[in-house]
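Below are the chains, spelled out letter by letter.
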Number of protein chains: 2
Amino acid sequence: MSEPLRVGIAGLGTVGAAVARILTNKSNSLLHRCGRPIAITGVSARDRDRDRGVDLSGAEWFDSPVALAKSDKIDVFVELIGGENGAALDGIRAALESGRHVVTANKALLARHGVEMALAAEERGLILNYEAAVAGGVPVIKTMRESLAANDVGRVYGILNGTANYILTRMEQDEISFEECLADAQRLGYAEADPTFDIEGFDTAHKLSILTSLAFGTQVAIDEIYVEGISNISLSDIHAARELGYRIKLLGVAQRTATGIEQRVHPTMVPLGSVIAQVDSVTNAVAIEADTVGSLLLSGPGAGGDATASAVIGDIADIAKSRPGHQEAPVFGRPAEELEPYQRAEISTHAGGYFIRMTVHDRIGVFASLAGHMAENGISLASIVQHGSPNGEENAMKNVVLVTHETTESHIRAALDAVLADGHLVSKPQVIRIEPAG
Amino acid sequence: MSEPLRVGIAGLGTVGAAVARILTNKSNSLLHRCGRPIAITGVSARDRDRDRGVDLSGAEWFDSPVALAKSDKIDVFVELIGGENGAALDGIRAALESGRHVVTANKALLARHGVEMALAAEERGLILNYEAAVAGGVPVIKTMRESLAANDVGRVYGILNGTANYILTRMEQDEISFEECLADAQRLGYAEADPTFDIEGFDTAHKLSILTSLAFGTQVAIDEIYVEGISNISLSDIHAARELGYRIKLLGVAQRTATGIEQRVHPTMVPLGSVIAQVDSVTNAVAIEADTVGSLLLSGPGAGGDATASAVIGDIADIAKSRPGHQEAPVFGRPAEELEPYQRAEISTHAGGYFIRMTVHDRIGVFASLAGHMAENGISLASIVQHGSPNGEENAMKNVVLVTHETTESHIRAALDAVLADGHLVSKPQVIRIEPAG
C-alpha cells in the first residue's frame, strides 16, 4: 500500500469537525478513490475536549495553528479557522514556507491575500486548493481552473450568499417584510447576529473577487468592487418585479468590457423564466459565459458543514492523487506571476436595463416630466406600470415602475436627478439593475 | 520550456476540427495554463484536402487511426471518430497498448467497452478522459470523478439529449405537434435524418450508463436500462402536465434502491418550479444527489462542435498538467478492477408518483370503475382533472387525468389492466412517471 497522505486540520468548528468525521468514516472509500490512505495526523483547535462526533485521539494536538503548519507530521495543512488575517494567515504562510500543501475554505483571506499565497505556493511547487471558498459544495473553482482551459470568459455571475437568497425567497413566497425574514433567518441559524456581512453584499464580494481572477486571469481586486446589499428591497419591489416578469436576486457579476473588468454586487432583476431565477433559499448558483463552451450553470448548497466538507475533502483527495511535489494546476488557472493587474471598468459606464420604482405625487404633469427627462437622457422605456392610489383622493400618491432598455448608470442618474428637481417624487426612487440571464 | 504534449487527433469532423482549431488559436493561453505547449503532431481523417479552418500542415497525416494511435510521435490519442466499435475501438485499444493516454467523446463506445478500456488504461498508468461523452461541455465527469470523492451518490438524473429537449420545449412553447417539431429540428440540424437514437432515448441511455458507474462504482451496464422515448408524447400530455404544475422532460435516472440500482430513461413529469424544468431547448442538465454535499445541478450545452471541443481540450489540458506516467484519477472514480457487478433493481418495483391520461367513454359508472380499481391496488390519488366533451353529446368521450401518490409500476399496471377490462377506455392510457426534482 502507498504511503498515507498526512493531513493536519486547523479549526474544528462545524466544517472542521465535519471534515474530520467524514475523512474517518469514509476512509475505505477514499482509499479506493485515491489509491492511498488519508490520515489525520495533526489537529489544532481551541477546545480540546469538545465532543465532535469523531475520535481524534490518533492525531497530535497543537495549541498553535502555526506549529501544526510547520510540523513534519503533516503533508497538507487544512485551514478552517476563518478570518482574513490572524491565525489563518499565519498558518497558511507557515505551511507553504514549510513545504506543506494547503487546502482552505477561507474566501476573505483569499480575497485579500490570494495572489501572495498563490505566488508562495507556486514557487515551491505546492498545491493550494480552495473549492469550498466559493459556493460551498458547488465545484465552481475546479470547473473554472481546470475544465475551462480552452475558454476565455466573458461574464461570470451568481447567487453567492445563501442568507441573502433565503431572505429574498421568503419575502416573495410568504409575503413578509425584509425585517421579518431576517429575524426568521437569524432564528434558524441562516443569518448571523450581525448580518451585515451577508445582507450588505460583502461576503458575495469576497467570493466574486476570486471568481474574477479565475475568469479573467487578473490579480484579485477585492477593493475594486461596487457593492450594494438587499436591506432596502421592499415587498413593493418584489411585487413589481414579478408583475414585470422578473425576480430579485442578490448577484455578484464580473464582466469583461471595453474599458476593463466590471465587478459588482447588487440586487438584480433576473427574468422569471431563467434557470437562476429558480435557485431559491440557501442554494447558491454560478453562471459562466465563455467563448468556447457557451453558458454553464452550476448550483448547489453554498454553506453548511457537510456540503463545505465535501468540497474540502475533494481538494484533499486531489492532493492525495497527485504526484508528490508536482503542482497540477496554477492556483488561479494561470501562474500567479503572470496574472494581469486588475483594470477596473467604471460602474457609471455599465450598460444594461434598469428597473426604477418611484412614488410620485398624483398631479398633472408628472408623467410628462418623467418621460421628458428619460428622453432627454437618451433612455428608451421598455415598460411602464402605474398603479393609482386605491381611493382616488386628490393629491394622492402613485406608484410608477419603469423598465428601461439598455442604457448606462450615468444616464439613469442624470434623468432621476432632473425628475427629483421637478419636485414630483415623494421619496428616493428605487433603482435596480436588470441582468440578462439564461 | 517544458517538452510539448504531443496530441494525435483521429477524426476531423465538426468536433475534431473545432479541437484542432482551438488548440491552434489558443496555444499561448494553453501554454500559460498547462505550463507546457500542446502540439498537434498527428491527425487521421478520411478527407485530407477539406478546409477545416486550421493549418494542419505541421502534423503528420495517417490514413489509419490505428497507425496514428501506435505512432511514437504522439503522447495522447484523441478519438473523435465515433461509433461503438470499428476504427474508434481499434484506435483506442492500440493507443492504450502503445502507452498513449486517451481522450474520447464517444459515449456509445464507453457504454459498451468502458470497463475494458479502463482496465487497459489503469494497468499501464495511463489516463483515459471522456468529459465530452456526457452532457457535452458540462463538467459532469470531472465533478463526479474528482469533486465528489467524499460522497456516496443516491440518485443522478438529467436531461442528456438536446434533440429530445428541443422538441419538448418547442411543443410546449409553440403549441405544435411532435411531428412538426421533429421536422423543424431536422431542418435546423438539431436532429438526424434518422432521429431514432435521440428521440427514442438510446443516446440518453448511453450517457446514463456512464453516470451510473461513476455514481455507484458499478460496472457499466448499458443493456440493463429501461428505455422509453418521447415519440408518443402529445400536446394533450403537455397541456395536462402544465395544468397540474408539471413539465415533461426526457430524463435519464439512476438511483440506488434496496434491491439494486435502477436505470431508466423515459418521459418524466418534473415540477414546474424546479430548476431542471427551466432547462430548455438543446441545453443539457445533470442533477446529483449525494450524502455529503446534498444536491448539485450542472447545466450547459450538451452538443455542438465548440462546446464539445471545450470539454475535449479540458481533458487534454489535464493530461498536459499531469506528471508523465502518473494516472491521476481512476477512469470511473474507483479502480476499474474494483467496480462492482451491476445489480439491477426491477423497474416494476420503482416507487414514485404517476401521471395517467385516459380518454374514456362518457357514461355512467366510469369514475366508479377508475376509482375502484385504483383503490383495489392500493393507489392513492393526488389529483383528478376531468374535461368533458365540449358539446355534451351523449356517448361522447372525456379526458381524465389522474396524478397518483407514490406507488409502484406493477400496481399501476394491474389497475390499468382492470380498467381496460371494464371496457371504458377509448384508447391505450398514457402513463408518465413523476420524478421529484429540485
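All values reported here derive from a predicted model rather than from experimental measurement. (Residues numbered from 1 in each chain as written. Chains lettered and ligands numbered in written order. Predicted model: local features only at pLDDT ≥ 70, side-chain atom pairs only at ≥ 80, totals over all residues. Heavy atoms only, no water.)

Visitor: Summarise the overall build of chain A; cite the residues concerned and give the values.
Guide: Within chain A one finds 14 helices and 17 strands. A compact globule built from 438 residues should have a C-alpha radius of gyration of about 22 Å, and chain A, at 24 Å, falls within 12% of that. Principal-axis analysis of the C-alpha atoms gives chain A an extent of 85 × 45 × 35 Å. Pairs at least 24 residues apart make up 75% of the contacts formed inside chain A by residues separated by at least 6 positions. Surface summary for chain A: the accessible area is close to 16,000 Å², and the carbon and sulfur share equals 48%. A distance of 5 Å separates the average location of the 37 positive side-chain charges in chain A from that of its 56 negative side-chain charges. (Helix = DSSP H or I, 4+ residues; strand = E, 2+ residues; numbered from the N terminus. Rg over C-alpha atoms; globule rule 2.2 N^0.38 Å. Contact = heavy atoms within 4.5 Å. Areas by Shrake-Rupley, 256 points an atom, 1.4 Å probe, with all protein chains shown as cover. Lys, Arg positive; Asp, Glu negative; His and termini not counted. Charge placed at Lys NZ, Arg CZ, Asp CG, Glu CD.)

Visitor: Any details on the relation of the copies chain A and chain B? Residues and values, ideally.
Guide: Between the two copies, chain A and chain B, the superposition gives an RMSD of 0.0 Å; the rotation angle is 180° and the shift along the axis is 0.0 Å. In short, the pair behaves as if placed about a two-fold rotation axis. Relative to the rotation axis, the C-alpha of A:Leu298 is the closest in chain A, positioned 2.3 Å from it. The fraction of interface residues of chain A whose copies in chain B are also interface residues reaches 100%, indicating that both copies meet through the same surface. (Least-squares fit on C-alpha atoms with pLDDT ≥ 70 in both.)

Visitor: Run through the domain arrangement of chain A, naming residues and quoting values.
Guide: All names here are of chain A. Parsing chain A into structural domains produces domain 1 (5-137 + 305-335), domain 2 (142-301) and domain 3 (348-434). One C-alpha centre belongs to domain 1, the other to domain 2; they are set 27 Å apart. Listed by partner, the interface residues are 24 residues for domain 1 and 22 residues for domain 2. Both faces combined, the contact of domain 1 with domain 2 buries some 1,800 Å², and carbon together with sulfur accounts for 60% of it. Of all residues in domain 1, Ala-111, Val-134 and Arg-334 give up the largest surface area on contact with domain 2, accounting jointly for 27% of the area buried on that side. Along the contact surface separating domain 1 from domain 2 lie three salt bridges. (Domains from an automatic or database assignment. Buried area = accessible area lost by both parts, 1.4 Å probe. Salt bridge = Lys/Arg side-chain N within 4 Å of Asp/Glu carboxyl O.)

Visitor: Got a sec to walk through the nonpolar core? Specific residues and values, please.
Guide: By size, the foremost hydrophobic cluster in this structure holds 177 residues, and its most contacted members are A:Val140, A:Ile167, B:Val140 and B:Ile167. Element by element, the count of residues in this core is highest for helix H5 (residues 107-123) of chain B, at eight residues. For B:Val140, the residues in contact, after removing those within four places along its chain, are B:Glu131, B:Val134, B:Ala135, B:Leu211, B:Val286, B:Ile288 and B:Leu298. Counting residues in hydrophobic clusters, the runner-up holds 37 residues, among them B:Ile22, B:Leu80, B:Ala105 and B:Ile127. (Core = buried A, V, L, I, M, F, W, Y, C linked by side-chain atoms within 4.5 Å. Buried < 20%, exposed > 50% of the residue type's maximum accessible area, 1.4 Å probe, protein only.)

Visitor: Summarise helix H1 (residues 14-25) of chain A; cite the residues concerned and give the values.
Guide: Residue and element names in this part refer to chain A. Here H1 contains 12 residues, and its C-alpha end-to-end distance of 16 Å stays within 8% of the 16 Å for a straight helix at 1.5 Å per residue. Inspection of H1 places Gly-16, Ala-17, Ala-18, Val-19, Ala-20, Ile-22 and Leu-23 among the buried residues, and these make up the whole buried set. In this fold, the buried residues of H1 make contact with strand S1 (5-10), helix H2 (27-34), strand S2 (38-44) and helix H12 (305-321). (Expected span 1.5 Å × (residues − 1).)

Visitor: Hey, could you go over the interface of chain A and chain B for me, with residue numbers and the actual values?
Guide: For an interface, size is often stated in terms of accessible area lost upon the parts coming together. Taken together, the contact pairs 55 residues of chain A with 55 residues of chain B. The largest contributions to the chain A side of the interface with chain B come from A:Arg33, A:Lys321 and A:Arg323, which together make up 16% of the buried area. Our count for the contact surface shared by chain A and chain B stands at six salt bridges. A:Asp152 serves as the salt-bridge partner of B:Lys26, at 2.8 Å between the closest nitrogen and oxygen. At the boundary of chain A and chain B, one finds 18 residue pairs in polar contact (both at pLDDT 80 or more). Of all the secondary-structure elements, those providing two or more residues to the side of chain A that touches chain B are H2, helix H6 (140-147), strand S12 (294-301) and H12 of chain A. Each residue belonging to the side of chain A that touches chain B can be placed in one class, and the counts come to 22 nonpolar, 19 polar and 14 charged. (Polar contact = N/O pair within 3.5 Å; in protein donor to acceptor, adjacent residues only side chain to side chain. Nonpolar A, V, L, I, M, F, W, Y, C, P; charged D, E, K, R; others polar.)

Visitor: Explain the sheet that holds strand S1 (residues 5-10) of chain B residue by residue, including any values.
Guide: Residue and element names in this part refer to chain B. Pairing in this open sheet of six strands is parallel, and the strands run S3-S2-S1-S4-S5-S6 from one edge to the other. The outermost strands of the open sheet, each flanked by one partner alone, are strand S3 (60-62) and strand S6 (128-129). Summarising the sheet, S1 and strand S2 (residues 38-44) pair through six bridges and their orientation is parallel. Following the sheet pairing, Gly-8 is matched in S2 by Gly-42. Packing against the sheet, helix H4 (residues 86-97) makes contact with strand S4 (76-79) and strand S5 (101-104), and its axis sits at approximately 170° to S4. (Pairing = 2+ DSSP bridges. Axes fitted to C-alpha atoms, helices over the stretch in contact; angles between N-to-C directions.)

Visitor: If you had to explain the packing of H4(B) against H5(B) to someone new, which residues and values would you point to?
Guide: Residue and element names in this part refer to chain B. Between H4 and H5, whose axes approach to 10 Å, the crossing angle comes to 10°. Between H4 and H5, the angle is such that the two are roughly parallel. Counting all contacts with H4, which are made through Ala-88, Leu-89, Ile-92, Arg-93 and Leu-96, the residues of H5 involved are Leu-109, His-113, Glu-116, Met-117, Ala-120 and Ala-121. Class assignment of the residues belonging to the contact of H4 with H5 gives a composition of eight nonpolar, one polar and two charged. (Parallel < 35°, antiparallel > 145°, perpendicular 65-115°, else oblique.)

Visitor: Give a description of the pattern of salt bridges that names residues and reports values.
Guide: All names here are of chain A. Taken as a whole and judged by the stated rule, the model has 62 salt bridges over all chains. With a closest N to O distance of 2.9 Å, Asp-75 and Arg-6 form a salt bridge. One end of the pair, Asp-75, is in the loop between helix H3 (65-70) and strand S4 (76-79); the other, Arg-6, is in strand S1, with 69 residues separating them in the sequence. Overall, the relative accessible area of 26% leaves Arg-6 in the partly exposed class.

Visitor: Summarise the pairing of strand S15 (residues 397-404) of chain B; cite the residues concerned and give the values.
Guide: Residues and elements named next belong to chain B. In terms of burial, S15 is a largely internal element, six of the eight residues being buried. Inspection of the sheet shows strand S13 (residues 351-361) paired to S15 by seven bridges, in the antiparallel sense. Of the residues in S15, the one forming a bridge with Phe-355 is Val-403. Pairing geometry for strand S14 (residues 381-387) and S15, over six bridges, is antiparallel. Looking across to S15, one finds that Ile-384 is bridged to Leu-402.

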